[in-house]
Amino acid sequence: MVKRRLREVIRMVGGAWTGTPEELDRWVSGVSTDTRTLTPGALFVPLVGTRFDGHQFVREALGRGASAFLWQRDRGVPPGSAIVVEDTLAALQRLARAYRRELGARVIGVTGSNGKTTTKDLIAAVLAQRYRVHKTQGNLNNHIGLPLTLLSAPADTEVVVCEMGMSGRGEIACLSRIAEPQLAVITTIGEAHLAQLGSREAIAEAKLEIVEGLDADGTLFLDGDEPLLDLAAERFAGTISRCGFGPRCQWRAQDVAFRGLDGMTFRVGNEPYAVPIPGRHNVKNALYAVAVGRTLGLAPEEIRRGLAGATITGMRTERVRGIGGATVLNDAYNASPTSVRASLELLAALPFARRVAVLGDMLELGPEEEALHRDVGRAIDPARIHWLVTVGKRARWIAEEAAKAGFPAARIRCTETPDEAADAVLPLTGADTVILVKASRGMALEAIVRRLTAE
């Protein structure tokens, strides 16, 4: 947050000041919820969770130079002059919405079951060719991370690209009402969060909550190949732009071509584009960036330049060099059946003599988790993928079904831990080998990548 007088901050959060009137002209610069990263002059926001209470760190925050702090009313008497609020999280969100309105920048919200972080990165890279862009760092995309993203935008920001994640109903609506985007993107509807929501239909409805805060005159970009998103026309009266491969799409990728690990090429209308990350699914992610860029007035050449120079957040088809010259595709950040199948399709198309799939448990899939893991197993082509290593109890279902479908049992290894998996994969490394590592975040398969890349 750009410098504000303390009196302005109090107004923005709707709090009550316990200090003296003379202190109200003090400057506040920045916002922090963590004393470890707090910078002098910042406002400290002590959040309360089931296993923590940031109020116990207020004195430490003051010692580190905090200019002021919020204090939740039910936490007793504050240690010094405080901005007292009913709920510190709600106050943080209110502050972010107020700052977003004062900032005057365009806001773009990005959500979806898969691809939202990559899409956010590609959109930001494209728009940075003409605008001063601020984007979500990493995946700070929840009810805490999104407000902090908005509050960290510099005063001269022209576009903010916000990633919006969820685990249940109502969360995207909350984030959208804070960010109040003029443009919004729904990348895909997958199976992530089936455990909480029960069906893909319910997931689609939850993602469509992004229209809750979307400008009535704004534009919603969505997966035009996903019938479940046809509900959008009932929820949003503004402009709806479909992006995808099918004939219904206003923004349609054609002549899609695979360039190995160098990425993909495709055409939109008469304009050729390239995205430097492989996989057909990443063509659609890039297509959203093309559509948003053109909508905001960028020329095709600017978009091509932005896509070419895009920096993608780590552990998303991240290419790293492994032991013995092996190529490791670190896609260990997250996984769902849809994203795993897309990654397997990519792996099968790569020009290597030996292709190894290391697949871990996919979490939060609910009652259908066994069937969904087995579906993935049936999708593995033994003619194009040479070794299968699974990690975890659920991933064993992938191996069992792959074997039933004809994958040679001699080329399957079932393990329980990342270390066991790394032991199974290390003998396969070599310059002619490519290794895909993919699982849900909770499996922490980046430990395998560390083993495979440690010289």
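Just above, that's the structure.
This is a predicted model, so every value here is computed, not measured.

(A) View of the nonpolar core. Ranked by size, the top nonpolar core spans 85 residues in total, and within it Leu43, Ile83, Leu220, Leu344, Leu359, Ile380 and Leu388 carry the most contacts. Considering each element in turn, this core owes the most residues, 7 residues, to helix H3 (residues 88–103). Ranked by size, the runner-up nonpolar core spans 37 residues in total, among them Tyr131, Val161, Ala253 and Ala286.

(B) Spatial organisation of the pairing of strand E20 (residues 354–360). Burial within E20 is extensive, with 6 of its 7 residues counted as buried. Relative to strand E23 (residues 433–438), E20 runs parallel, the two sharing 6 bridges. Across the sheet, the residue bridging to Arg354 is Thr433, located in E23. As paired elements, E20 and strand E21 (residues 387–391) share 5 bridges and run parallel to each other. Among the inter-strand pairings, Val356 is bridged to a residue of E21, identified as Trp387. A crossover links E20 with its parallel partner E21, the connecting element being helix H13 (residues 369–378), and its sense is right-handed.

(C) Here's a closer look at the packing of aromatic side chains. Tallied over the entire structure, the rule returns 2 aromatic pairs. Each ring, one from Phe69 and one from Trp71, has its centre 6.2 Å from the other, and the planes form 75 degrees; the classification is edge-to-face. Per residue, the accessibility class of Phe69 equals that of Trp71, and both read buried. Positioned above the aromatic ring of Phe245, the side-chain terminus of Arg280 is 3.9 Å from the ring centre. The ring of Tyr333 has Arg316 lying over it, and the distance from NZ or CZ to the ring centre is 3.9 Å.

(D) Seen up close, helix H16 (residues 446–453). Here H16 has its buried residues at Glu446, Ile448, Val449 and Leu452. Along H16, the residues classed as buried sweep out an arc of 150 degrees about the axis, all on the same side. Contacts made by the buried residues of H16 are with strand E18 (318–321), strand E19 (327–331), E20, E21, helix H15 (418–425) and E23.

(E) Examining the packing of H13 against helix H14 (residues 395–404) more closely. Running from amino to carboxyl end, H13 crosses H14 at an angle of 45 degrees, the nearest separation of the two axes being 7 Å. On the basis of the axis angle, H13 is oblique to H14. You can see that H13 and H14 cross each other, and the crossing is right-handed. Of the residues in H14, those touching H13 at Glu369, Glu370, His373, Arg374, Val376, Gly377 and Arg378 are Ala395, Trp397, Ile398, Glu400, Glu401, Ala402 and Lys404.

(F) View of the sheet that holds strand E17 (residues 271–275). Pairing in this open sheet of 3 strands is antiparallel, and the strands run E15-E16-E17 from one edge to the other. Edge strands, defined here as strands with exactly one partner in the open sheet, are strand E15 (254–258) and E17. The average angle at which neighbouring strand axes cross in this sheet is 15 degrees, direction not considered. In the sheet, E15 pairs with strand E16 (residues 264–268) via 3 bridges, with the strands oriented antiparallel. By the bridge assignment, Ala257 is partnered in E16 with Thr265.

(G) Structural view of the sheet that holds strand E2 (residues 16–17). One open sheet holds the 5 strands; their spatial order is E2-E7-E6-E5-E4, and the pairing between them is mixed. With one partner strand each, in any of the chains shown, E2 and strand E4 (31–32) form the two edges of the open sheet. Relative to strand E5 (residues 43–44), E4 is paired through 2 bridges, and the arrangement is parallel. For Ser32, the partnering residue across the bridge sits in E5 and is Phe44. Contacting E2, E5, strand E6 (68–72) and strand E7 (83–85), helix H1 (residues 6–13) runs over the sheet at an angle of about 0 degrees to E7.

(H) A look at the pairing of strand E22 (residues 412–415). Two elements, E21 and E22, share 4 bridges in a ladder whose sense is parallel. The partner of Leu388 across the bridge, within E22, is Ile412. Crossover E21 to E22 through H14 is right-handed.

(I) How the structure looks around unusual backbone geometry. The phi dihedral of Thr317 is positive, around 50 degrees, even though this residue is not glycine. When you line up the elements, Thr317 lands in the loop between helix H11 (300–308) and E18. In the Ramachandran plot, Ala444 falls in the positive-phi region, its phi being about 50 degrees despite a non-glycine side chain. By the secondary structure assignment, Ala444 is in the loop between E23 and H16.

(J) Structural view of the environment of Ala91. Inspection of the secondary structure puts Ala91 in helix H3. As a C-alpha pair, Ala91 and Arg242 span 151 residues in sequence and 36 Å in three-dimensional space. When residues no more than four places from it in sequence are discounted, the contact partners of Ala91 are Val13, Leu70 and Val85.

(K) Looking closely at the pattern of salt bridges. Under the counting rule described, the total for this entry stands at 40 salt bridges. A salt bridge links Arg248 to Asp230; its shortest N-O distance comes to 3.1 Å. Of this pair, Arg248 sits in the loop between strand E13 (239–244) and strand E14 (251–252) while Asp230 sits in the loop between strand E12 (219–223) and helix H9 (232–235), and the two are 18 residues apart along the sequence. Between Arg451 and Asp423 there is a salt bridge, and its shortest N-O distance comes to 2.6 Å.

Reading the values: rules and limits
Residues numbered from 1 in each chain as written. Predicted model: local features only at pLDDT ≥ 70, side-chain atom pairs only at ≥ 80, totals over all residues. Heavy atoms only, no water. Core = buried A, V, L, I, M, F, W, Y, C linked by side-chain atoms within 4.5 Å. Buried < 20%, exposed > 50% of the residue type's maximum accessible area, 1.4 Å probe, protein only. Helix = DSSP H or I, 4+ residues; strand = E, 2+ residues; numbered from the N terminus. Pairing = 2+ DSSP bridges. Right-handed = clockwise from strand over helix to strand, strands pointing away. Phe/Tyr/Trp six-rings, centres within 6.5 Å; stacked < 30°, edge-to-face > 60°. Lys NZ or Arg CZ within 6 Å of the ring centre and 35° of its normal. Arc of directions from axis to C-beta. Contact = heavy atoms within 4.5 Å. Axes fitted to C-alpha atoms, helices over the stretch in contact; angles between N-to-C directions. Parallel < 35°, antiparallel > 145°, perpendicular 65-115°, else oblique. Left-handed = near helix turned anticlockwise from the far one by under 90°. Salt bridge = Lys/Arg side-chain N within 4 Å of Asp/Glu carboxyl O.

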